[in-house]
Amino acid sequence: MNELIKEDTSLLLTITRFGFSLGFGDKTVNEVCISNNVDVYTFLAVVNFISDGSNQEEINHRDISINSVVVYLKNAHHFFLDFKLPLIKRKLIEALDETVQEEPYRKMIMKFFDDYVTEVRKHMDYENDVVFPYVLRLVDGKKDPRYNIAVFEKNHESIDSKLTDLKNILIKYFPAQYPNYLLNEVLFDLSDCERDLEKHNRVEDYFFVPITETLEKTLNEATVELANGEKVDNLTDREKEILTGVVKGLTNKEIAQHLFLSTHTVISHRRNITRKLEIHSTAGLTIYAIVNKLVTLDEIKSVIE
Ligand SMILES: [Fe+2]
Ligand SMILES: [Fe+2]
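Residues numbered from 1 in each chain as written. Chains lettered and ligands numbered in written order. Predicted model: local features only at pLDDT ≥ 70, side-chain atom pairs only at ≥ 80, totals over all residues. Heavy atoms only, no water.

**Focus: the coordination of the iron ion (ligand 2)**
Ideal geometry at a metal gives 109.5 degrees between four tetrahedral donors and either 90 or 180 degrees between six octahedral ones. Ligation of the iron ion (ligand 2) by protein atoms is provided by His123 (NE2), Glu127 (OE), His156 (NE2) and Glu204 (OE), these donors lying 2.0 to 2.2 Å from the ion. In this structure, the iron ion (ligand 2) is coordinated by four donor atoms arranged in irregular fashion, with angles at the metal of 84 to 171°. For the iron ion (ligand 2), the single-chain donor residues occur in sequence as H-x3-E-x28-H-x47-E. Between the iron ion (ligand 2) and the iron ion (ligand 1) the interatomic distance amounts to 3.2 Å, and glutamate 127 serves as a bridging ligand to the pair. Of this pair, histidine 156 sits in the loop between α7 (149-155) and α8 (161-173) while glutamate 204 sits in helix α9 (residues 181-232), placing them 48 residues apart in sequence. (Donors = N, O, S within 2.8 Å, 3.2 Å for Na, K, Ca; no water. Tetrahedral: all angles 85-135°; square planar, octahedral: opposite > 155°, others 65-115°. Helix = DSSP H or I, 4+ residues; strand = E, 2+ residues; numbered from the N terminus.)

**Digging into the environment of isoleucine 59**
Structurally, the position occupied by isoleucine 59 is in the loop between α4 (40-52) and α5 (66-97). For isoleucine 59, a relative accessible area of 10% puts it in the buried group. Note: C-alpha distance between isoleucine 59 and phenylalanine 207 (148 residues apart in sequence) is 9.2 Å. (Buried < 20%, exposed > 50% of the residue type's maximum accessible area, 1.4 Å probe, protein only.)

**Considerations on unusual backbone geometry**
The phi torsion at asparagine 37 lies on the positive side, around 60°, for a residue other than glycine. Assignment of secondary structure puts asparagine 37 in the loop between α3 (29-35) and α4. By relative accessible area, which is 73% here, asparagine 37 ends up exposed. Phi at phenylalanine 260 takes a positive value of approximately 55°, unusual for a residue other than glycine. Following the sequence through the fold, phenylalanine 260 ends up in the loop between α11 (252-259) and α12 (263-277). Owing to a relative accessible area of 75%, phenylalanine 260 belongs among the exposed residues under this scheme.

**A short note on the coordination of the iron ion (ligand 1)**
Here the iron ion (ligand 1) is held by His77 (NE2), Glu127 (OE), His200 (NE2) and Glu204 (OE), and the distances to it run 1.9 to 2.2 Å. Considering all four donor atoms around the iron ion (ligand 1), angles at the metal cover 86 to 176° and the coordination shape is irregular. Counting residues between consecutive donors of the iron ion (ligand 1) along the chain gives the motif H-x49-E-x72-H-x3-E.

In structure tokens:
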């Protein structure tokens, strides 16, 4: 782990967002992940994605722990809202105090910044309160029919562009008193934060969303299978009687006579049985009937011999 960080110190942000504290000693990435209850494949996938925007096709979505990704994203929100933006605000106030600008001018800048923070908070609160709980319920196999990740994807906006505006206002139009060290510090922080937010957005759009889509797809397939499974048990008593006749080798006419039905009705019931069970051959229906104890082996011995 130590080597990984030495190679790229910006990884410190990622590591903290996975909940790791410093003091790794000689522990490997695997050991650190295990001791922090974080899935190592997911950790490395996020690290690679952030450092080189690694190809989504190389990532096996089904091997990603969404729980770990949600922890990562939530901690990032906490970092921006409760640490980075308040820190920039404190530095900005100090830097503006140092300038020669009139009070209303400074006030306008602060209002711009505060409005921006309100916007970011709204954006992140929505993700924390709506999107992440929805996704965590998906992990538990529960799909909320009123929502899907495509809604989030469609409305998800980038939140770093206003920081670029603020940076440009300060650089181009806000005459500061020489040597303006404090204002420079603010500009460095704004650039850092802008880059970091842009990466955060990218992780959400191109990592979190596709992985959630795969999970939704898997869950939908499972639901369809379940629905088919329910149909198996949903044969009506009449259909069971007809099925029994079929596997005993009776013709439609014989079944109709035996049950006092028209041949036409028997054919229609047989069509429903085939559709519900998705079994078309008599041999297949025979196996189904035995497994579900509709007939005994002895009863159909003469037919299958
Ligand atoms: Fe976010
Ligand atoms: Fe977001």
